[in-house]
Amino acid sequence: MKLYYAPDTCSLSPHIVLRELNLPFTLVRVNNQTKRTADGGDFLAVNPKGYVAALQRDDGDVLTEGPAIVQYLADLKPEAGLAPPNGSWQRSRLQEWLNFISTEVHGGFGPLFNRELPPAARDWWRGRLEKRLAYVADALSRQEYLVQDRFGVADAYLYTVLRWAAFFDMDLQRWPAIAAYMARIEQRPSVQAALAAEAAA
Ligand SMILES: N[C@@H](CCC(=O)N[C@@H](CS)C(=O)NCC(=O)O)C(=O)O
């Protein structure tokens, strides 16, 4: 399998999951500006949407959208427990979190990356995002992980997008449960290895 990624982006989430599962994979770095891959390829030929993450199987088929990719990976090794069984109530709970992270947190940070965003719009988006983070903090004050009290794919995704707070001087210590969660996830060998691999490339 190949994971098309760019450092400091949402592709860190499937990268962490691949390492948690000890699956064989190759990392292919994408230049998000030029849409070229580090090995000289045209990323748009891999993913016409033009964004990471993209997972390419050995048969050439490509899966995109982070929440779909991490569930596919977790289901390759169900015994690792990174996602509850398909069809279970807890699986729907996982999907509830993945959708929330995707649309409300990942999507909430999105406009802040736009340097052209007028200050009033920036404040509006930031305020909206902070409400979502307050909800996350409340949940994490009652549980160490998002689903079934164990690390899972939703945690890989939430950790990944919450790292972006640092880009916007958003101090996560304001929500002690989130700060403790980030420190907990960051200690995982899979996370350390993924961060080191992305920094080295
Ligand atoms: N809906 C996609 C969004 C992916 C996404 O936002 N990718 C960003 C990095 S976090 C990207 O590659 N952006 C480059 C671009 O849009 O040109 C998913 O959840 O996987």
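About the thresholds
- Residues numbered from 1 in each chain as written.
- Predicted model: local features only at pLDDT ≥ 70, side-chain atom pairs only at ≥ 80, totals over all residues.
- Buried ≥ 20, exposed ≤ 12 C-beta atoms within 10 Å, placed from the backbone.
- Helix = DSSP H or I, 4+ residues; strand = E, 2+ residues; numbered from the N terminus.
- Contact = placed C-beta atoms within 7 Å.
- Pairing = 2+ DSSP bridges.
- UniProt positions renumbered as here; feature names shortened; annotations may be inferred.
- Right-handed = clockwise from strand over helix to strand, strands pointing away.
- Domains from an automatic or database assignment.
- Nonpolar A, V, L, I, M, F, W, Y, C, P; charged D, E, K, R; others polar.

Asks: How do you make sense of helix H3 (residues 66-76) when you look at a structure like this?
Replies: Because an α-helix packs 3.6 residues into every turn, residues spaced three or four apart end up facing the same way. Every buried residue of H3 is listed here: Gly66, Pro67, Ile69, Val70, Gln71, Leu73 and Ala74. Contacts from the buried residues of H3 go to helix H1 (12-20), strand S4 (54-56), strand S5 (62-64), helix H4 (89-109) and helix H6 (153-162).

Asks: I keep staring at the sheet that holds S5 and nothing clicks. Help me out?
Replies: The pairing of strands in a sheet happens through backbone hydrogen bonds and is either parallel or antiparallel. Judged by pairing direction, the sheet is mixed, and its five strands sit side by side in the order S3-S2-S1-S4-S5 without closing on themselves. Among the strands making up the open sheet, the edge pair consists of strand S3 (36-37) and S5. Note: strand S1 (residues 2-5) against S4, three bridges, orientation antiparallel. Directly across from Lys2, in S4, lies its bridge partner Gln56.

Asks: What is the right way to look at the UniProt feature "domain: GST C-terminal" (unreviewed entry) in the protein chain in this model?
Replies: Per the UniProt annotation, the sites labelled "domain: GST C-terminal" (unreviewed entry) are residues 87-201. Overall, residues 87-201 shows 66% helix and 0% strand. The separation of its end C-alpha atoms is 39 Å.

Asks: Sorry, what's going on with unusual backbone geometry here?
Replies: A negative phi angle characterises most non-glycine residues, just as the trans form characterises most peptide bonds. Omega for the bond connecting Val52 with Ala53 falls within 30 degrees of zero, at 5°, which places this linkage in the cis form. With respect to the secondary-structure elements, Ala53 resides in the loop between helix H2 (43-46) and S4. Here the phi dihedral of Asp149 falls at roughly 55°; this positive angle occurs in a residue that is not glycine. Residue position: Asp149 is located in the loop between helix H5 (119-140) and H6. Despite not being glycine, Asp169 has its phi angle at roughly 50°, a positive value. Secondary-structure assignment places Asp169 in the loop between H6 and helix H7 (176-186). Here Asp169 falls in the exposed class, since 6 other C-beta atoms lie within 10 Å of it.

Asks: I keep staring at the pairing of strand S2 (residues 26-31) and nothing clicks. Help me out?
Replies: Walk down a regular strand and you will see the side chains alternate between the two sheet faces. Relative to S2, S1 runs parallel, the two sharing four bridges. From the neighbouring strand, Lys2 faces S2, where its bridge partner is Thr26. The β-α-β motif built from S1, the intervening H1 and the parallel element S2 has right-handed crossover chirality. Counting the residues between successive antiparallel strands, the hairpin from S2 to S3 contains four residues, one of them, Lys35, with a positive phi of roughly 65°.

Asks: Where do I start with the UniProt feature "domain: GST N-terminal" (unreviewed entry) in the protein chain in this structure?
Replies: Taken from the UniProt record, the annotation "domain: GST N-terminal" (unreviewed entry) applies to residues 1-81. Secondary structure within residues 1-81 divides into 30% helix and 22% strand; the distance between the first and last C-alpha atoms comes to 21 Å.

Asks: So what exactly am I meant to see when it comes to the domain arrangement of the protein chain here?
Replies: By a widely used convention, the size of an interface equals the accessible area lost when the partners come together. As assigned here, the protein chain comprises domain 1 (2-80 + 190-200) and domain 2 (89-188). When each unit is reduced to the centre of its C-alpha atoms, the spacing between domain 1 and domain 2 is 20 Å. Here the element with the most residues in the side of domain 1 that touches domain 2 is H3; it accounts for five residues. A per-class count over the side of domain 1 that touches domain 2 returns eight nonpolar, five polar and no charged.

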